[in-house]
Amino acid sequence: MPANPEPSLPPAPLSPSAPVPAARQSEFSFRVGKRLTETCSPAPEQESANGGGFLGRTGTIATPHGEIQTPAFIAVGTKATVKSVLPESMAELGAQALLANAYHLYLQPGPEVLDEAGGLGAFMNWPGPTFTDSGGFQVMSLGSGFKKVIDMKTVPVADTAVPDDAVAPGKERLAHVDEDGVWFKSHLNGDRHRFSPEISMQVQHQIGADIMFAFDELTTLQNSRGYQEESLERTRRWALRCIEEHFRLTDERPGKPYQALFGVIQGAQYEDLRRKACRDLGAMAFDGYGIGGALEKENLGTIVRWCNEELPENKPRHLLGISEPDDIFTAIENGADTFDCVSPTRVARNSAFYTPDGRFNLSGAKYKRDFGPLQDGCDCYACLNYSRAYIHHLFKAKEMLSATLISIHNERFVVKMVDDARLAIESGDFFEFKAETLGRYYS
(Lines give C-alpha, C1' and ligand atoms only; values in the text may rest on other atoms or scores of the structure.)
Protein backbone atom coordinates (compact mmCIF):
# COMPACT_ATOMS: atom_id res chain seq x y z
CA MET A 1 0.00 0.00 0.00
CA PRO A 2 1.32 3.50 -0.67
CA ALA A 3 3.43 5.05 2.04
CA ASN A 4 2.16 8.04 3.96
CA PRO A 5 3.27 11.17 2.12
CA GLU A 6 4.22 12.95 5.34
CA PRO A 7 7.19 12.06 7.59
CA SER A 8 6.35 9.33 10.08
CA LEU A 9 7.14 9.34 13.76
CA PRO A 10 10.24 7.42 14.92
CA PRO A 11 9.51 3.74 15.58
CA ALA A 12 9.15 2.55 19.15
CA PRO A 13 11.36 -0.18 20.66
CA LEU A 14 10.43 -3.66 19.46
CA SER A 15 10.64 -5.56 22.74
CA PRO A 16 8.61 -4.86 25.88
CA SER A 17 10.80 -3.31 28.52
CA ALA A 18 8.12 -2.75 31.15
CA PRO A 19 7.61 -5.68 33.54
CA VAL A 20 4.52 -7.81 33.03
CA PRO A 21 1.96 -6.64 35.63
CA ALA A 22 1.31 -10.22 36.72
CA ALA A 23 -0.80 -9.28 39.74
CA ARG A 24 -3.02 -7.11 37.54
CA GLN A 25 -3.24 -9.76 34.82
CA SER A 26 -4.68 -12.18 37.37
CA GLU A 27 -7.89 -10.10 37.30
CA PHE A 28 -8.50 -11.77 33.94
CA SER A 29 -8.44 -15.53 33.43
CA PHE A 30 -9.62 -18.36 31.23
CA ARG A 31 -10.41 -21.90 32.33
CA VAL A 32 -11.01 -24.74 29.89
CA GLY A 33 -14.08 -26.81 30.69
CA LYS A 34 -15.10 -29.83 28.60
CA ARG A 35 -13.33 -30.69 25.35
CA LEU A 36 -15.44 -31.75 22.39
CA THR A 37 -13.34 -34.86 21.86
CA GLU A 38 -13.81 -35.84 25.51
CA THR A 39 -17.60 -35.72 25.46
CA CYS A 40 -18.27 -36.75 21.85
CA SER A 41 -16.83 -39.42 19.57
CA PRO A 42 -16.58 -38.02 16.06
CA ALA A 43 -16.43 -40.63 13.33
CA PRO A 44 -13.28 -40.89 11.21
CA GLU A 45 -15.19 -39.59 8.21
CA GLN A 46 -16.22 -36.52 10.21
CA GLU A 47 -12.59 -35.75 11.04
CA SER A 48 -11.64 -36.36 7.43
CA ALA A 49 -14.33 -33.94 6.24
CA ASN A 50 -13.09 -31.40 8.79
CA GLY A 51 -9.53 -31.72 7.54
CA GLY A 52 -8.20 -32.62 10.98
CA GLY A 53 -9.06 -33.21 14.61
CA PHE A 54 -11.77 -31.24 16.40
CA LEU A 55 -10.56 -28.59 18.85
CA GLY A 56 -13.86 -27.38 20.28
CA ARG A 57 -14.22 -26.86 24.01
CA THR A 58 -16.25 -25.11 26.65
CA GLY A 59 -14.67 -22.69 29.07
CA THR A 60 -15.04 -19.71 31.38
CA ILE A 61 -13.55 -16.27 30.81
CA ALA A 62 -13.35 -14.27 34.04
CA THR A 63 -13.23 -10.47 33.74
CA PRO A 64 -13.54 -7.65 36.30
CA HIS A 65 -17.19 -7.24 35.23
CA GLY A 66 -18.26 -10.87 35.28
CA GLU A 67 -17.78 -14.23 33.63
CA ILE A 68 -18.42 -15.37 30.06
CA GLN A 69 -19.33 -19.01 29.57
CA THR A 70 -17.89 -20.15 26.26
CA PRO A 71 -18.54 -20.77 23.42
CA ALA A 72 -20.38 -17.45 23.43
CA PHE A 73 -21.73 -15.05 20.84
CA ILE A 74 -20.65 -11.48 21.62
CA ALA A 75 -23.23 -9.01 20.34
CA VAL A 76 -21.86 -5.91 18.60
CA GLY A 77 -22.61 -2.46 19.97
CA THR A 78 -20.41 -0.51 17.55
CA LYS A 79 -20.89 3.00 18.93
CA ALA A 80 -21.59 1.93 22.53
CA THR A 81 -25.04 0.72 21.56
CA VAL A 82 -26.48 -2.37 19.93
CA LYS A 83 -28.39 -0.59 17.20
CA SER A 84 -32.03 0.06 18.20
CA VAL A 85 -31.83 -2.18 21.31
CA LEU A 86 -31.61 -1.13 24.98
CA PRO A 87 -28.70 -2.57 26.99
CA GLU A 88 -31.30 -3.85 29.45
CA SER A 89 -32.96 -5.76 26.63
CA MET A 90 -29.62 -7.32 25.67
CA ALA A 91 -29.22 -8.56 29.23
CA GLU A 92 -32.75 -9.96 29.26
CA LEU A 93 -32.21 -11.92 26.05
CA GLY A 94 -29.10 -13.57 27.50
CA ALA A 95 -26.18 -11.66 25.97
CA GLN A 96 -23.10 -12.22 28.14
CA ALA A 97 -20.90 -9.43 26.75
CA LEU A 98 -20.97 -6.62 24.20
CA LEU A 99 -18.33 -5.43 21.74
CA ALA A 100 -17.82 -1.79 20.75
CA ASN A 101 -15.54 -0.25 18.15
CA ALA A 102 -12.52 1.87 19.04
CA TYR A 103 -12.43 3.63 15.66
CA HIS A 104 -16.00 4.90 15.89
CA LEU A 105 -15.79 5.84 19.57
CA TYR A 106 -12.48 7.63 18.96
CA LEU A 107 -14.17 9.82 16.35
CA GLN A 108 -17.37 10.30 18.35
CA PRO A 109 -17.77 11.17 21.21
CA GLY A 110 -14.02 10.76 21.90
CA PRO A 111 -12.34 8.27 24.27
CA GLU A 112 -11.77 10.91 26.93
CA VAL A 113 -15.55 11.21 27.35
CA LEU A 114 -15.90 7.47 28.05
CA ASP A 115 -12.95 7.64 30.45
CA GLU A 116 -14.63 10.45 32.40
CA ALA A 117 -17.87 8.45 32.46
CA GLY A 118 -16.13 5.52 34.14
CA GLY A 119 -15.53 3.42 31.05
CA LEU A 120 -17.58 1.86 28.27
CA GLY A 121 -19.85 -0.23 30.50
CA ALA A 122 -20.77 2.63 32.80
CA PHE A 123 -21.22 5.00 29.86
CA MET A 124 -23.78 2.72 28.15
CA ASN A 125 -25.33 1.31 31.35
CA TRP A 126 -24.11 -2.22 30.64
CA PRO A 127 -22.92 -3.99 33.83
CA GLY A 128 -21.36 -7.02 32.15
CA PRO A 129 -18.10 -7.69 30.31
CA THR A 130 -17.18 -5.55 27.31
CA PHE A 131 -14.84 -5.84 24.32
CA THR A 132 -13.37 -3.24 21.99
CA ASP A 133 -11.68 -4.00 18.71
CA SER A 134 -8.59 -1.96 17.85
CA GLY A 135 -10.05 0.05 14.99
CA GLY A 136 -7.70 -1.58 12.50
CA PHE A 137 -10.47 -3.13 10.43
CA GLN A 138 -12.39 0.13 10.08
CA VAL A 139 -9.27 2.19 9.33
CA MET A 140 -8.39 -0.13 6.47
CA SER A 141 -11.85 -1.04 5.12
CA LEU A 142 -13.29 2.48 5.27
CA GLY A 143 -9.94 3.86 4.14
CA SER A 144 -10.11 1.68 1.04
CA GLY A 145 -13.62 2.87 0.26
CA PHE A 146 -15.24 -0.51 0.92
CA LYS A 147 -17.28 0.81 3.87
CA LYS A 148 -18.83 -2.07 5.85
CA VAL A 149 -17.64 -4.88 3.59
CA ILE A 150 -14.10 -5.33 2.33
CA ASP A 151 -13.34 -7.48 -0.72
CA MET A 152 -12.55 -10.98 0.53
CA LYS A 153 -12.31 -12.81 -2.79
CA THR A 154 -9.08 -14.60 -3.57
CA VAL A 155 -6.61 -13.44 -6.19
CA PRO A 156 -7.93 -14.90 -9.46
CA VAL A 157 -4.58 -15.65 -11.07
CA ALA A 158 -1.04 -14.52 -10.37
CA ASP A 159 0.43 -12.27 -7.70
CA THR A 160 0.18 -9.26 -9.98
CA ALA A 161 -3.50 -9.71 -10.82
CA VAL A 162 -4.73 -7.12 -8.32
CA PRO A 163 -2.73 -4.12 -7.10
CA ASP A 164 -1.93 -4.06 -3.36
CA ASP A 165 -3.23 -0.49 -3.09
CA ALA A 166 -6.62 -1.30 -4.64
CA VAL A 167 -9.62 0.74 -3.53
CA ALA A 168 -13.31 0.40 -4.12
CA PRO A 169 -14.43 1.61 -7.57
CA GLY A 170 -15.00 5.36 -7.64
CA LYS A 171 -13.42 5.92 -4.21
CA GLU A 172 -10.19 7.53 -3.04
CA ARG A 173 -7.83 5.91 -0.58
CA LEU A 174 -8.31 7.48 2.86
CA ALA A 175 -5.78 5.32 4.76
CA HIS A 176 -2.00 5.24 4.25
CA VAL A 177 0.16 2.70 6.06
CA ASP A 178 3.76 3.20 7.15
CA GLU A 179 5.98 1.42 9.66
CA ASP A 180 4.82 3.50 12.58
CA GLY A 181 1.07 3.36 11.94
CA VAL A 182 -1.67 4.67 9.67
CA TRP A 183 -2.79 8.10 8.58
CA PHE A 184 -6.48 8.13 7.76
CA LYS A 185 -9.34 10.50 7.05
CA SER A 186 -12.52 10.41 9.07
CA HIS A 187 -15.45 9.00 7.11
CA LEU A 188 -17.60 11.52 9.01
CA ASN A 189 -16.03 14.82 8.01
CA GLY A 190 -12.74 14.17 6.23
CA ASP A 191 -10.52 15.26 9.14
CA ARG A 192 -7.10 13.64 9.15
CA HIS A 193 -6.13 11.33 12.05
CA ARG A 194 -3.28 9.10 13.10
CA PHE A 195 -3.50 5.59 14.58
CA SER A 196 -0.41 3.76 15.75
CA PRO A 197 -0.08 0.80 18.13
CA GLU A 198 0.51 3.24 20.98
CA ILE A 199 -2.42 5.49 20.06
CA SER A 200 -4.75 2.49 19.71
CA MET A 201 -3.75 1.30 23.18
CA GLN A 202 -4.25 4.78 24.63
CA VAL A 203 -7.68 5.06 23.02
CA GLN A 204 -8.76 1.62 24.19
CA HIS A 205 -7.50 2.15 27.74
CA GLN A 206 -9.60 5.30 27.90
CA ILE A 207 -12.64 3.50 26.50
CA GLY A 208 -12.13 0.99 29.30
CA ALA A 209 -13.41 -2.34 27.94
CA ASP A 210 -12.53 -5.57 29.75
CA ILE A 211 -11.02 -7.09 26.60
CA MET A 212 -9.29 -5.13 23.84
CA PHE A 213 -7.33 -6.02 20.73
CA ALA A 214 -3.86 -5.13 19.53
CA PHE A 215 -3.58 -2.82 16.53
CA ASP A 216 -2.98 -4.77 13.33
CA GLU A 217 -2.94 -4.23 9.60
CA LEU A 218 -5.89 -5.71 7.73
CA THR A 219 -5.18 -7.19 4.32
CA THR A 220 -7.56 -8.74 1.82
CA LEU A 221 -7.33 -12.02 -0.03
CA GLN A 222 -6.47 -9.98 -3.12
CA ASN A 223 -3.20 -8.66 -1.71
CA SER A 224 -0.12 -10.32 -3.17
CA ARG A 225 1.77 -12.99 -1.27
CA GLY A 226 4.71 -10.59 -0.99
CA TYR A 227 2.59 -7.91 0.60
CA GLN A 228 0.97 -10.43 2.95
CA GLU A 229 4.43 -11.36 4.25
CA GLU A 230 5.43 -7.70 4.65
CA SER A 231 2.17 -6.86 6.41
CA LEU A 232 2.37 -9.87 8.73
CA GLU A 233 5.82 -8.82 9.91
CA ARG A 234 4.58 -5.28 10.46
CA THR A 235 1.67 -6.60 12.54
CA ARG A 236 4.17 -8.64 14.60
CA ARG A 237 6.22 -5.54 15.34
CA TRP A 238 3.07 -3.58 16.12
CA ALA A 239 1.99 -6.35 18.53
CA LEU A 240 5.17 -5.91 20.56
CA ARG A 241 4.62 -2.18 20.70
CA CYS A 242 1.00 -2.69 21.79
CA ILE A 243 2.12 -4.93 24.66
CA GLU A 244 4.71 -2.43 25.84
CA GLU A 245 2.27 0.46 25.76
CA HIS A 246 -0.45 -1.68 27.38
CA PHE A 247 1.81 -2.52 30.30
CA ARG A 248 2.88 1.12 30.65
CA LEU A 249 -0.72 2.32 30.75
CA THR A 250 -1.75 -0.46 33.13
CA ASP A 251 0.92 0.67 35.58
CA GLU A 252 0.04 4.33 35.03
CA ARG A 253 -3.68 3.78 35.76
CA PRO A 254 -3.66 1.62 38.93
CA GLY A 255 -7.19 2.52 39.99
CA LYS A 256 -8.75 1.11 36.83
CA PRO A 257 -9.93 -2.51 36.41
CA TYR A 258 -7.44 -4.62 34.48
CA GLN A 259 -8.05 -4.71 30.73
CA ALA A 260 -7.04 -7.90 28.93
CA LEU A 261 -5.15 -7.52 25.65
CA PHE A 262 -5.66 -9.96 22.78
CA GLY A 263 -3.22 -10.27 19.90
CA VAL A 264 -4.69 -10.44 16.38
CA ILE A 265 -3.72 -13.25 14.03
CA GLN A 266 -3.42 -12.34 10.36
CA GLY A 267 -1.99 -14.27 7.39
CA ALA A 268 -4.97 -14.39 5.02
CA GLN A 269 -5.39 -17.74 3.24
CA TYR A 270 -1.79 -18.93 3.68
CA GLU A 271 -1.23 -21.79 6.12
CA ASP A 272 2.44 -21.03 6.74
CA LEU A 273 1.72 -17.36 7.45
CA ARG A 274 -1.19 -18.13 9.76
CA ARG A 275 0.86 -20.66 11.71
CA LYS A 276 3.85 -18.31 11.89
CA ALA A 277 1.66 -15.50 13.21
CA CYS A 278 0.26 -17.83 15.87
CA ARG A 279 3.71 -18.96 16.97
CA ASP A 280 5.06 -15.40 17.01
CA LEU A 281 2.16 -13.86 18.91
CA GLY A 282 1.60 -17.00 20.99
CA ALA A 283 5.02 -16.46 22.56
CA MET A 284 4.09 -12.90 23.59
CA ALA A 285 2.43 -11.82 26.82
CA PHE A 286 -1.09 -11.56 25.44
CA ASP A 287 -4.13 -12.56 27.50
CA GLY A 288 -5.89 -14.12 24.52
CA TYR A 289 -6.07 -14.01 20.76
CA GLY A 290 -8.31 -12.77 17.99
CA ILE A 291 -8.38 -14.56 14.67
CA GLY A 292 -8.88 -11.82 12.12
CA GLY A 293 -8.31 -10.82 8.56
CA ALA A 294 -9.64 -12.26 5.36
CA LEU A 295 -11.43 -15.60 5.68
CA GLU A 296 -13.14 -17.28 2.75
CA LYS A 297 -16.29 -19.01 3.94
CA GLU A 298 -15.30 -22.38 2.48
CA ASN A 299 -11.93 -22.24 4.26
CA LEU A 300 -13.10 -20.75 7.56
CA GLY A 301 -12.89 -23.97 9.58
CA THR A 302 -9.52 -24.92 8.12
CA ILE A 303 -7.96 -21.55 8.92
CA VAL A 304 -9.43 -21.48 12.44
CA ARG A 305 -8.05 -24.98 13.03
CA TRP A 306 -4.58 -24.03 11.74
CA CYS A 307 -4.53 -21.15 14.22
CA ASN A 308 -5.84 -23.08 17.20
CA GLU A 309 -3.41 -25.93 16.64
CA GLU A 310 -0.65 -23.38 17.28
CA LEU A 311 -2.11 -20.98 19.86
CA PRO A 312 -1.73 -21.60 23.62
CA GLU A 313 -4.56 -23.82 24.87
CA ASN A 314 -4.90 -21.97 28.16
CA LYS A 315 -5.91 -18.67 26.55
CA PRO A 316 -9.21 -17.75 24.88
CA ARG A 317 -9.60 -17.32 21.14
CA HIS A 318 -12.01 -14.87 19.55
CA LEU A 319 -13.04 -15.13 15.90
CA LEU A 320 -13.79 -11.68 14.54
CA GLY A 321 -16.94 -11.11 12.52
CA ILE A 322 -19.12 -14.21 11.95
CA SER A 323 -22.76 -15.06 12.74
CA GLU A 324 -24.22 -17.40 10.08
CA PRO A 325 -25.28 -20.68 11.73
CA ASP A 326 -23.02 -22.92 9.62
CA ASP A 327 -20.03 -20.64 10.24
CA ILE A 328 -20.72 -20.62 13.96
CA PHE A 329 -20.76 -24.41 14.24
CA THR A 330 -17.61 -24.65 12.11
CA ALA A 331 -15.86 -22.11 14.31
CA ILE A 332 -16.91 -23.81 17.54
CA GLU A 333 -15.79 -27.30 16.52
CA ASN A 334 -12.42 -25.93 15.42
CA GLY A 335 -11.70 -24.21 18.70
CA ALA A 336 -13.14 -20.68 18.65
CA ASP A 337 -14.34 -19.65 22.12
CA THR A 338 -16.08 -16.38 21.28
CA PHE A 339 -17.09 -14.55 18.11
CA ASP A 340 -18.99 -11.43 17.11
CA CYS A 341 -20.94 -10.02 14.19
CA VAL A 342 -23.22 -7.10 13.39
CA SER A 343 -25.43 -9.26 11.15
CA PRO A 344 -28.36 -9.93 13.56
CA THR A 345 -29.20 -6.24 13.82
CA ARG A 346 -28.09 -5.27 10.32
CA VAL A 347 -30.47 -7.70 8.62
CA ALA A 348 -33.20 -6.79 11.12
CA ARG A 349 -33.20 -3.23 9.80
CA ASN A 350 -34.12 -4.71 6.42
CA SER A 351 -36.95 -6.76 8.04
CA ALA A 352 -35.11 -10.13 7.95
CA PHE A 353 -35.68 -12.45 10.91
CA TYR A 354 -34.15 -15.78 11.90
CA THR A 355 -36.10 -18.96 12.61
CA PRO A 356 -35.06 -22.61 13.00
CA ASP A 357 -36.34 -23.09 9.44
CA GLY A 358 -34.19 -20.35 7.92
CA ARG A 359 -34.12 -16.60 7.48
CA PHE A 360 -37.22 -14.85 6.16
CA ASN A 361 -38.13 -11.31 5.17
CA LEU A 362 -41.03 -9.80 7.06
CA SER A 363 -41.75 -7.23 4.34
CA GLY A 364 -43.59 -9.89 2.30
CA ALA A 365 -47.30 -9.36 1.78
CA LYS A 366 -48.13 -12.78 3.28
CA TYR A 367 -47.33 -11.42 6.75
CA LYS A 368 -49.94 -8.64 6.65
CA ARG A 369 -52.48 -10.83 8.45
CA ASP A 370 -50.11 -13.27 10.13
CA PHE A 371 -50.86 -12.89 13.84
CA GLY A 372 -48.35 -15.46 15.08
CA PRO A 373 -44.98 -14.60 16.63
CA LEU A 374 -41.78 -14.23 14.63
CA GLN A 375 -40.88 -17.75 15.81
CA ASP A 376 -43.17 -20.22 17.52
CA GLY A 377 -41.82 -21.15 20.94
CA CYS A 378 -39.27 -18.33 21.11
CA ASP A 379 -38.96 -16.79 24.57
CA CYS A 380 -37.73 -13.35 23.48
CA TYR A 381 -39.64 -10.17 24.33
CA ALA A 382 -40.70 -9.57 20.72
CA CYS A 383 -42.13 -13.06 20.23
CA LEU A 384 -43.92 -13.07 23.59
CA ASN A 385 -45.65 -9.75 22.97
CA TYR A 386 -45.98 -8.94 19.25
CA SER A 387 -47.18 -10.55 16.03
CA ARG A 388 -45.63 -10.80 12.61
CA ALA A 389 -48.54 -8.72 11.29
CA TYR A 390 -47.82 -5.88 13.71
CA ILE A 391 -44.08 -5.83 13.02
CA HIS A 392 -44.79 -6.09 9.27
CA HIS A 393 -46.98 -3.00 9.64
CA LEU A 394 -44.23 -1.17 11.54
CA PHE A 395 -41.73 -1.93 8.82
CA LYS A 396 -44.05 -0.82 6.03
CA ALA A 397 -44.86 2.35 7.99
CA LYS A 398 -41.10 2.98 8.44
CA GLU A 399 -41.48 2.95 12.21
CA MET A 400 -38.22 2.48 14.12
CA LEU A 401 -39.82 0.00 16.50
CA SER A 402 -39.75 -2.64 13.76
CA ALA A 403 -35.94 -2.71 13.86
CA THR A 404 -35.98 -2.88 17.65
CA LEU A 405 -38.31 -5.87 17.83
CA ILE A 406 -36.68 -7.86 15.03
CA SER A 407 -33.21 -7.09 16.43
CA ILE A 408 -34.21 -8.38 19.87
CA HIS A 409 -35.43 -11.60 18.29
CA ASN A 410 -32.40 -12.07 16.03
CA GLU A 411 -29.92 -11.47 18.83
CA ARG A 412 -31.80 -13.93 21.05
CA PHE A 413 -31.84 -16.50 18.24
CA VAL A 414 -28.05 -16.42 17.77
CA VAL A 415 -27.23 -16.15 21.49
CA LYS A 416 -29.46 -19.13 22.31
CA MET A 417 -28.12 -21.22 19.43
CA VAL A 418 -24.58 -20.77 20.72
CA ASP A 419 -25.67 -21.41 24.31
CA ASP A 420 -27.34 -24.63 23.17
CA ALA A 421 -24.19 -25.63 21.28
CA ARG A 422 -22.21 -25.15 24.50
CA LEU A 423 -24.65 -27.33 26.41
CA ALA A 424 -24.45 -29.93 23.63
CA ILE A 425 -20.67 -30.14 24.01
CA GLU A 426 -21.09 -30.71 27.72
CA SER A 427 -23.85 -33.33 27.27
CA GLY A 428 -22.02 -35.17 24.50
CA ASP A 429 -24.46 -34.67 21.62
CA PHE A 430 -22.87 -31.73 19.81
CA PHE A 431 -22.69 -33.40 16.40
CA GLU A 432 -26.30 -34.53 16.59
CA PHE A 433 -27.37 -31.03 17.62
CA LYS A 434 -25.34 -29.51 14.78
CA ALA A 435 -26.82 -31.88 12.17
CA GLU A 436 -30.38 -31.25 13.35
CA THR A 437 -29.96 -27.46 13.60
CA LEU A 438 -28.23 -26.92 10.26
CA GLY A 439 -30.32 -29.53 8.45
CA ARG A 440 -33.48 -27.72 9.42
CA TYR A 441 -32.14 -24.16 8.95
CA TYR A 442 -30.83 -24.74 5.43
CA SER A 443 -33.57 -27.10 4.27
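Per an unreviewed UniProt entry, the protein is named Queuine tRNA-ribosyltransferase, and its organism is Arthrobacter globiformis. For the record of the protein, the UniProt heading Sequence similarities (unreviewed entry) holds the text "Belongs to the queuine tRNA-ribosyltransferase family." The record in UniProt for the protein states the following under Catalytic activity (unreviewed entry): "7-aminomethyl-7-carbaguanine + guanosine(34) in tRNA = 7-aminomethyl-7-carbaguanosine(34) in tRNA + guanine".

Bringing the overall build of the protein into the picture now. The helix and strand inventory of the protein stands at 18 helices and 16 strands. Looking at the protein as a whole, 57% of its 443 residues qualify as buried. Accessible surface for the protein amounts to roughly 17800 Å². Of this, 52% is attributable to carbon and sulfur atoms.

With that out of the way, let us pick up the nonpolar core. One finds M90, L120, F286, L319, F339 and F430 to be the most contacted residues of the largest nonpolar core, which totals 102 residues. With 11 residues, the top contributor of residues to this core is helix 17 (residues 401–427). Excluding anything up to four places from it in sequence, F286 contacts A214, A239, I243, L261, F262, G263, L281 and K315. In terms of nonpolar packing, the next biggest core, distinct from the first, is built from 16 residues, I61, I68, V76 and A260 among them.

For residues besides glycine, phi is generally negative; the peptide bonds are generally trans as well. Residue P71 is bonded to the preceding T70 through a cis peptide linkage, with omega at 0°. Its location among the elements puts P71 in the loop between strand 3 (66–70) and strand 4 (72–76). Looking along the chain, the bond that leaves Q108 and enters P109 is cis, with omega of 10°. Within the secondary structure, P109 is located in the loop between helix 5 (102–107) and helix 6 (111–117).

Procedures and definitions
- Residues numbered from 1 in each chain as written.
- Predicted model: local features only at pLDDT ≥ 70, side-chain atom pairs only at ≥ 80, totals over all residues.
- Heavy atoms only, no water.
- UniProt positions renumbered as here; feature names shortened; annotations may be inferred.
- Helix = DSSP H or I, 4+ residues; strand = E, 2+ residues; numbered from the N terminus.
- Buried < 20%, exposed > 50% of the residue type's maximum accessible area, 1.4 Å probe, protein only.
- Areas by Shrake-Rupley, 256 points an atom, 1.4 Å probe, with all protein chains shown as cover.
- Core = buried A, V, L, I, M, F, W, Y, C linked by side-chain atoms within 4.5 Å.
- Contact = heavy atoms within 4.5 Å.

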